[in-house]
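Fold and geometry: a report
Chain residues, written in single-letter form:
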Amino acid sequence: MREKLSTPLAQKELVEVAKATLANTEAHLAQVQGFVTVGARPEIDLAQSRADRANARRALLNAQNAAAVARARLRVAIGLDGAESSPSSALRQVGERGH
């Protein structure tokens, strides 16, 4: 059960990391666009930065999906109905049930 409780929390942390990575990638893309505009960097650098941003977006979606799956598995493991809940509210419900 401990693993089922910690997995959603870990996945939530991974979502936050992916969000930060995407923000950094977008900032880098803006820099590269400026450099390309003034001729300081080649166009291929802009294409690579756009690809990096697309990969960061994909990583964020994957992290969000994994977090949703982990939350759903936790709800099933502790016998909650299909209602959306967080691990902390799940723990409260388990405590209320006397398990």
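Preceding this paragraph is the structure being described.
Keep in mind the model is a prediction, meaning the values are calculated, not measured.

**Comments concerning the overall build of the chain**
- A tally of helices and strands in the chain yields three helices and zero strands.
- Shown N-terminal to C-terminal, the secondary structure of the chain runs as helices and strands in the order α-α-α.
- The proportion of buried residues among the 99 residues of the chain is 25%.
- A separation of at least 24 residues holds for 56% of the contacts in the chain among residues at least 6 apart in sequence.
- Of the roughly 6700 Å² that the chain leaves accessible, carbon and sulfur atoms contribute 55%.

Reading the values: the criteria
- Residues numbered from 1 in each chain as written.
- Predicted model: local features only at pLDDT ≥ 70, side-chain atom pairs only at ≥ 80, totals over all residues.
- Heavy atoms only, no water.
- Helix = DSSP H or I, 4+ residues; strand = E, 2+ residues; numbered from the N terminus.
- Buried < 20%, exposed > 50% of the residue type's maximum accessible area, 1.4 Å probe, protein only.
- Contact = heavy atoms within 4.5 Å.
- Areas by Shrake-Rupley, 256 points an atom, 1.4 Å probe, with all protein chains shown as cover.

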